[in-house]
Every structure is written in C-alpha cells, then in structure tokens.
Amino acid sequence: MNKGGFSQLWLDYKKRTDNGGSVYVSKVFLSGFLQDHRIVKHALEELKSGVQTMLGVEIKVEQDMSQATLVLKRGSEKEGGVRREGYRLWETGGVLTLAAADERGLLYGVFALLRLIAMERPFQGLDLLSNPESPLRMYDHWDNMDGSIERGYSGRSFFFQDDKVLVNERTRDYARFVSSIGINGVVINNVNVKQAATWLITDRYFQEVRQLSGIFADYGIRLFLSLNFAAPLELGGPQSADPLDPKVRDWWREKMEEVFSKVPDLGGFLVKADSEGRPGPFTYGRTQADGANMLADIVKPYGGLIIWRCFVYNCTQDWRDRQTDRARAGYDSFIGQDGDYHENVILQIKNGPMDFQIREPVSPLLGGLQKTNQMLEVQVAQEYTGQQIDVCYLVPLFKEVLDFHTYCREKCDTVSDIVSGRTFGNVNTGMAAVCNTGDDANWTGNDLAAANFYGFGRLAFCHSLTADEIAEEWVRLSISNEEEVVEKIKKILLGSRGTYEKYTCPLGIGWMVTPETHYGCSVDGYEYSRWGTYHRADHKGLGVDRSRLGTGYAGQYREPNASLYDNMETCPEELLLFFHHVPYTYRLKSGKTLIQHIYDTHFEGVREVEEMIGLWESLKGKVPDPVYDGVRERFDRQLHNAKEWRDQVNAYFYRKSGIEDEQGRKIY
Ligand code: GCU
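Worth saying up front: this structure is predicted, and the values here are computed from it rather than measured.

Enquirer: Explanation requested: the overall build of the protein in the structure shown.
Expert: The number of helices and strands found in the protein is 18 helices and 18 strands. For the protein, the C-alpha radius of gyration of 25 Å lies close to 26 Å, the compact-globule estimate for 668 residues. Taking the principal axes of its C-alpha atoms as reference, the protein extends roughly 80 × 65 × 50 Å. Looking at the protein residue by residue over its 668 residues, the buried ones come to 65%. Summarising the internal contacts of the protein: among those between residues at least 6 apart in sequence, 73% fall at separations of at least 24. Here the protein displays about 24,200 Å² of accessible surface, and carbon together with sulfur accounts for 49% of that area. Looking at charge distribution, the protein has the averaged site of its 78 positive side-chain charges lying 1 Å from that of its 94 negative ones.

Enquirer: What is the right way to look at the sheet that holds strand β16 (residues 430-434) in this model?
Expert: The strands that make up a sheet are held in pairs by hydrogen bonds between backbone atoms, and each pair lies either parallel or antiparallel. The eight strands lie next to each other as β7-β10-β11-β12-β13-β14-β15-β16, forming a closed barrel whose pairing is parallel. Across this sheet, the average inter-strand angle for adjacent strands is 25°, counted without regard to direction.

Enquirer: Where do I start with the domain arrangement of the protein in this structure?
Expert: Note on interface size: it is often stated as the accessible area lost on association of the parts. What the domain assignment reports for the protein is domain 1 (10-130), domain 2 (136-478) and domain 3 (502-544 + 581-657). One C-alpha centre belongs to domain 2, the other to domain 3; they are set 29 Å apart. The contact between domain 2 and domain 3 buries some 2,400 Å² in all, and 54% of this surface belongs to carbon and sulfur atoms. By the criterion of area lost to domain 3, the three top residues of domain 2 are W319, I389 and D390, representing 26% of everything that side buries. At the surface where domain 2 touches domain 3, the tally comes to zero salt bridges. Seen at the junction of domain 2 and domain 3, the total is 16 residue pairs in polar contact (both at pLDDT 80 or more).

Enquirer: Quick question: what am I supposed to make of the pattern of salt bridges here?
Expert: Pairing is possible between side chains that carry opposite charge, provided their charged atoms lie close to one another. Summed over all chains, the structure comprises 51 salt bridges. Here R286 makes a salt bridge to D242, at a shortest N to O gap of 2.9 Å. Taken together, the residues R286 in the loop between β12 (268-271) and α8 (288-299) and D242 in the loop between α6 (231-234) and α7 (246-262) connect sequence positions 44 residues apart. For D647, the salt bridge identified is with R646, shortest N-O distance 2.9 Å.

Enquirer: In this structure, what is going on with the environment of R210? I would like to understand it.
Expert: Positionally, R210 belongs in helix α5 (residues 206-218). Note: C-alpha distance between R210 and F260 (50 residues apart in sequence) is 10.0 Å. With near-sequence residues (within four places) excluded, R210 lies in contact with S261, K262, V263 and P264.

Enquirer: Hey, could you run me through unusual backbone geometry in this one?
Expert: With the exception of glycine, most residues fall at negative phi, and the peptide bonds are largely trans. A cis geometry characterises the amide bond from E559 onward to P560, with omega recorded as 5°. Looking at the secondary structure, you find P560 in the loop between β17 (541-542) and α15 (561-566). Within the chain, E120 stands out as a residue other than glycine whose phi angle is a positive 60°. Along the chain, E120 falls in the loop between α3 (103-118) and β6 (127-130).

Enquirer: I tried to follow the site of the ligand on my own but got confused; where do I start?
Expert: Around the ligand there are 13 residues in total, and E150, K272, R309, K350 and E383 lie nearest to it. A distance of 2.9 Å separates an oxygen atom of the ligand from a polar atom in the side chain of N192. At 2.8 Å from an oxygen atom of the ligand is found a side-chain nitrogen or oxygen belonging to D355. In isolation the ligand exposes 320 Å². Once the protein is present, 96% of that is buried.

Enquirer: Just to check I follow, could you spell out the packing of aromatic side chains for this structure?
Expert: Aromatic ring pairs are described here by two measures, namely the spacing of the ring centres and the angle between the planes. Under the counting rule described, the total for this entry stands at 38 aromatic pairs. A cation over an aromatic ring shows up here: R204 above the ring of W199, its NZ or CZ 4.2 Å from the ring centre. One cation-aromatic arrangement involves R326 over Y313; the distance from NZ or CZ to the ring centre is 3.8 Å.

Enquirer: When you look at helix α9 (residues 326-334) in this model, what are you seeing that I'm missing?
Expert: Since there are 3.6 residues in each turn of an α-helix, residues three or four apart along the chain are aligned in direction. Burial of α9 is extensive: seven of the nine residues sit out of reach of the surface. Here α9 has its buried residues at R326, A327, A329, G330, Y331, S333 and F334. Sitting at the amino-terminal end of α9 is D325, which places a side-chain oxygen 3.0 Å from the backbone nitrogen of A327.

Enquirer: Sorry if this is basic, but what is going on with the side chain of T385 here?
Expert: Tracing the sequence through the fold places T385 in the loop between β15 (374-379) and α10 (395-403). Those residues in contact with T385 that lie beyond four places of it in its chain are F356, I358, D390, C392, L394 and Y500.

Enquirer: How do you make sense of the sheet that holds strand β4 (residues 87-92) when you look at a structure like this?
Expert: With mixed pairing, six strands are arranged side by side in an open sheet as β2-β1-β3-β5-β4-β6. Where the open sheet ends on each side, the last strands, each with one partner, are β2 (60-61) and β6. In the sheet, β4 pairs with strand β5 (residues 95-100) via six bridges, with the strands oriented antiparallel. Across the sheet, the residue bridging to R88 is A99, located in β5.

Enquirer: Looking at this structure, how should I read the packing of helix α17 (residues 594-617) against helix α18 (residues 625-657)?
Expert: A pair of packed helices can be characterised by two numbers: the angle between their axes and the separation between those axes. Interhelical geometry of α17 versus α18 gives an angle of 170° and a closest axis separation of 9 Å. The orientation of α17 with respect to α18, classified from their angle, is roughly antiparallel. Counted by class, the contact of α17 with α18 contains 19 nonpolar, four polar and five charged residues.

Enquirer: Help me understand the pairing of β4, please; the structure alone is not making it clear to me.
Expert: Here is the key point about a regular strand: its side chains alternate between the two faces of the sheet. Hairpin connection between β4 and β5: a loop of two residues separates the two successive antiparallel strands, and G93 in this loop has a positive phi of roughly 50°. Sheet topology places β4 next to β6; four bridges connect them, and they run antiparallel. Bridging from a neighbouring strand, W90 pairs with D127 of β6.

Enquirer: I'm lost on the packing of α3 against helix α4 (residues 169-180) in this one. Help?
Expert: Remark: α3 packs on α4, axes separated minimally by 9 Å, with the N-to-C direction vectors making an angle of 85°. The orientation of α3 with respect to α4, classified from their angle, is roughly perpendicular. Every residue of α4 that contacts α3 at L107, Y108, F111 and R115 is listed here: R176, S179 and S180.

Enquirer: Can you walk me through the side chain of E472 in this structure?
Expert: For E472, the position within the fold is in helix α13 (residues 467-478). In this structure, E472 is in contact with R121, V486 and K490, ignoring residues within four places of it in sequence.

Enquirer: Explain the state of the cysteines here, please?
Expert: Put plainly, two cysteines are in a disulfide when a covalent bond ties their sulfur atoms together. Under the definition given, this model contains zero disulfides. Cysteine C462 is unpaired, with the sulfur of C412 as its nearest cysteine sulfur at 16 Å. Distance from the sulfur of C521, which forms no disulfide, to the nearest cysteine sulfur (C505) is 8.8 Å.

Procedures and definitions
- Residues numbered from 1 in each chain as written.
- Predicted model: local features only at pLDDT ≥ 70, side-chain atom pairs only at ≥ 80, totals over all residues.
- Heavy atoms only, no water.
- Helix = DSSP H or I, 4+ residues; strand = E, 2+ residues; numbered from the N terminus.
- Rg over C-alpha atoms; globule rule 2.2 N^0.38 Å.
- Buried < 20%, exposed > 50% of the residue type's maximum accessible area, 1.4 Å probe, protein only.
- Contact = heavy atoms within 4.5 Å.
- Areas by Shrake-Rupley, 256 points an atom, 1.4 Å probe, with all protein chains shown as cover.
- Lys, Arg positive; Asp, Glu negative; His and termini not counted.
- Charge placed at Lys NZ, Arg CZ, Asp CG, Glu CD.
- Pairing = 2+ DSSP bridges.
- Axes fitted to C-alpha atoms, helices over the stretch in contact; angles between N-to-C directions.
- Domains from an automatic or database assignment.
- Buried area = accessible area lost by both parts, 1.4 Å probe.
- Salt bridge = Lys/Arg side-chain N within 4 Å of Asp/Glu carboxyl O.
- Polar contact = N/O pair within 3.5 Å; in protein donor to acceptor, adjacent residues only side chain to side chain.
- Near = heavy atom within 4 Å.
- Phe/Tyr/Trp six-rings, centres within 6.5 Å; stacked < 30°, edge-to-face > 60°.
- Lys NZ or Arg CZ within 6 Å of the ring centre and 35° of its normal.
- Parallel < 35°, antiparallel > 145°, perpendicular 65-115°, else oblique.
- Nonpolar A, V, L, I, M, F, W, Y, C, P; charged D, E, K, R; others polar.
- Disulfide = S-S within 2.5 Å.

Below you can see the structure in the form of structure tokens.
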C-alpha cells in the first residue's frame, strides 16, 4: 500500500509471527453487507493486504458459509450487543466471527482484527465487543491553504499547497490511518479562516473538496470545513454578517444549497467566532447562539452540523487589570444561553479554561452546560507541550479530563459520560483533537509523537482503555513486538508528561513560554502582555488568586469542586498556582516549601530526560535505524530545552525570593 515512500505508522503490515491466525483468515464469508459498498470494499481490501503481508496468506471470499473460517456479518444490539459503528469479534469452534452494526463498524472490526494479528495475539477463545463511546471522533487540522500549518511541527500541509487543495496517495493513507483508530470526522482547514480558505465554499474549490470527501467517505469519515463567519462580506454578498439580518440569512441559505449540492458528503462546519480577531455575532450585538443557530437551521436539511468553538476571550487585556480573568471568559460567554442552541449545534470546549497547557483544571463549561450539546477539544499537536521535539505522551492527560467528575448529575457526571452522550442522552457529542501531522516522511516529526496521533483516536473510541494499553498497542504495531522494546518505550512514553511538567511551569500556573512560538522558557514572556496569561510572581509568592477573594473563577464549578478549588488547603496541589497566589515559604503536603518544590522538580525533570535518553540508547539496533536516529536527535534538543527551563525558572525564582536551595545546587 505504501506508494509514497513515507511511513505507514501503525499500519506497517510487515511480516509477523503467525500465532494460528492464518487458519482463520484464509476463507471469508460476507453476510448482510454488500461487497461493493464503498466502505465494505475498502475494509476487504485492507484485510486482504494486511493478511497477505503479515501472514503471507491469500484470502479467498467464499460463496458458502459452511466453508468459511471468518464470517463477517451484520449484527445488532440483540445479536451480539453491537451498536452504531460498533463491532464484536469472537471465536467459536474454529470459526472467527466479526459482527458489525453497520459498514463503519465492519471497517473498525477489520482493523481490530488486523491489530490482533500485528500484535501476534491468538484468536482462540477471543470475545471482543467494542462500541464507540464518543459518537463524533474528530481530527481538526489547522492547515492553511498556502501549505503552512498553524502550530504544525511535522512539515507542511498535505491538504493544501499554494492555495490549492491536494488530493493524492497521502490523502488515502491519512484516511486509512485515522479510520483504523475510529476517527469519523475530519476538519481539513485551520479554524482561523482567512484569505483563500474563505473561498473553500465556492466553485473555486468544489471539485477537489468533493474528491477529498469521497476518499474520506471510503473510510467512513465525514469531511468538515472551518467557516469564516464574515464570508458574506468577503465573498461579495451583503455587506454584513449579522445573523439576524434577512439578507444575510438568504445569502447563507443559497450558499449552503450550492455547497451541499456540490459536496454532498460534507458533514458540516467548525466555527471560531469572536475570538482572537475572528469575526462573529458580537460585532452585531448578537449572541453566540444567534450566530450558531442561524447557520445550523440552514444546514439542517442537509444533515449538517455546526460545531461552534467556545474559545472566546478578551485578547487585548491590560496586564495591570487583576479583575479580568481569561480563565473565566469561556464560561461567562456561553453559560447564559444554555438551552438556546439548536439540536444540530455542538459547542466545542477546550479541555481547560486557558489554552492546552501541560496542566490545567477541566473547563467548568463541561457539565456546567446542561441543555446544550458539548464536545471536548484537546490538542494532540504539541504546541505548549514540547512541539514534537520533546517527548510528551498526552493520553494520560486526556484520560484525566475524561475521568473528571463535573457533578452535573448524581450519576453519569464525568466528562467521559458527557461526551459519550450518556449524561444527556444525545448523539451530537464527542471528542475532537487538533492533529499533529504534516508532510514529514514519518507524519509527526518525532516518531514517538505518533503515539499521540494513534492514542487520541483509540481513546475517543474506547474511553476505558488505559494510557498503558494504548501505548503498548502503539509500540507493538508501529515498532516491535519484542518485550524489551515494548517495555522500555512504554516507560519513556508513560513518564514523559510528568517529566515535561517538572522541568517547565510549576503546579498548574502554565505559560512562561517564549511568546508566539510557544517553545522554550521565557518566564516573563507573557507577564506584561495583552493575552491574559499571567503568573503574578513577586518577591513573596507566585500564582493567580482565582478564589472568591480573587477573580472568583473557582466559583464557576459545581460543588464540591468549587469549594475544593477555592481553599488553598484542599485545592489539588498540582493545580495550586492556577487557583492561588502562594507564598514561597508555604509548605506542601510533601513537607517541602513551594520554592524548594520548584527547585527540586526542575532538577528532577532534567535528570529524568537523561534517564529517558539512557533507555532509548539501550534500544540501538533493536528499533529501526531511522527511528532510532530521528528520536535520538530530538532527545538532544529536548535535553537542551529542559536545561534551559531548569536554569531559567530556578534562577528567576531564586532572584525573586532570595531563598537558597536547601541542597546547595548550582542556581544562576
Ligand atoms: C491558541 C493557538 C492559536 C490558535 C488558538 C485557537 O491560542 O496559539 O494558534 O488559533 O489557540 O485554538 O483558536
């Protein structure tokens, strides 16, 4: 399948040890599905090629079920317990059965079967039921039409180049990769829709967008576009984007009729409005709901969704102003209209109230809203978490968010419950992640960053998978089944988030990064800026008071969370500086003072990077050379980065506080 010469990631169907799998997969019978349905056809193609190259077996499609050893059939809730897009795979009496609720489920089941072969797992006695938890499982790409990628760390876009839409072998491989982990929706263009991207909904691009959506549809993926709210003005329509202006509505109605007739598989639109300079309904004195509902009503006849982002805040703040709190903004802007949003609108909420930091509390909008479709947004692209230079496996972070109790109900109140539809019984909900891919040969820059690309999809499909299980799958599928390799790489991945957190900003305060690029340390980089991202360090202490006595942000949570965060003594320590301004001499539960904690974690963080490098070096010759060398080179850069962070953070707080390190280590 690899026609482009680039990595096949976890679909690298190289030769595997046959653990009896070939006995089952050679004779296939298909029941209840049409062989020439586009998804079924591609599922069978994938099965054939995977089995052929991993086990050296030629698959034969049988006409008579009694001859078959692998039965692919339509199942249902009653028969097999399969639900929408789900599958069940089981073995009895020497026959393997894959029952799926629909074509997507069949495709996901085929990929699950191929995973088992690739991991060299036996089929005897197998019984695996998997129904996707999040109905929508999406990757958002922040690709610009000139080929650049906002917050991209793996080369250029493979969707766009020089204001053209690209459709090639890489597109198909991408679709295969993401469908294999259960992704069913992809936004191809940046949420900041400017220039040529505004024209994606015009005949300048329909042909290519339709081709792209066709390739996606072969793999059960719906294509979405990011939309410019001011499109009427920019595309020669009325000189307004007021959502309540009949002329504006008429313009959109006509536009959408055209768009959906030209690109019928389109899933809908993602909208960033009234945020960081993007236009929106606030310009016309209208609410976010006015804007979202106007578009939603118009795309409804086509089955379209409007995914509306909640990343709304004042990005022209005065740093002297201690009352305005960016963390409050999302909740304050959206909570008032809970229940006003129409059924095909989904509010897409970033996991934290600020912006994808290494540690943030969960956004109080999740579960704060009760009568509105909600979707969780996380960032797989490592904007603030090492930019795919530093290793930072993010699945543990995503899991913490999913497991968070919002207390919006007595039962079924976690973020996982909300974004799987269990809490409110809705289907327009799910998870989206900003993707980390580009046109680098290995897709994600750092080979180890592909674990995040893989992990998000697997987790969105099955929230109960552990970070450890996902890491294990990824290593076995992508690198090696050798135990030593699996264990060591897992160790690197599973510790990496903690390590990154140790050498960067302490206890949930965030930022302290180089402005704009967001890589590397600059403690005061954003301290006197307009972005609302301050640490408020002085000679006595550090942190933002978001308690009742401060900005009141803690009060946006439901009880008991609100009180828990409000009080310095009960606030979870990893978030202490997010919620409180804390003296350097304050004693943490460990018995250490805050300042000593800062010093210690920064020394530890660098030491842990050195340990990771040692582990990696012990794998030389055991992982493919290009992977070894690529990752090794990135580790050098990570170590340099970690030392810079350690020394700058420690020096900064030593100079501010004047307090010596108890261990007398070198602080500059
Ligand atoms: C961050 C990021 C921007 C992005 C924005 C968003 O602020 O730095 O590049 O546009 O998030 O999520 O819209």
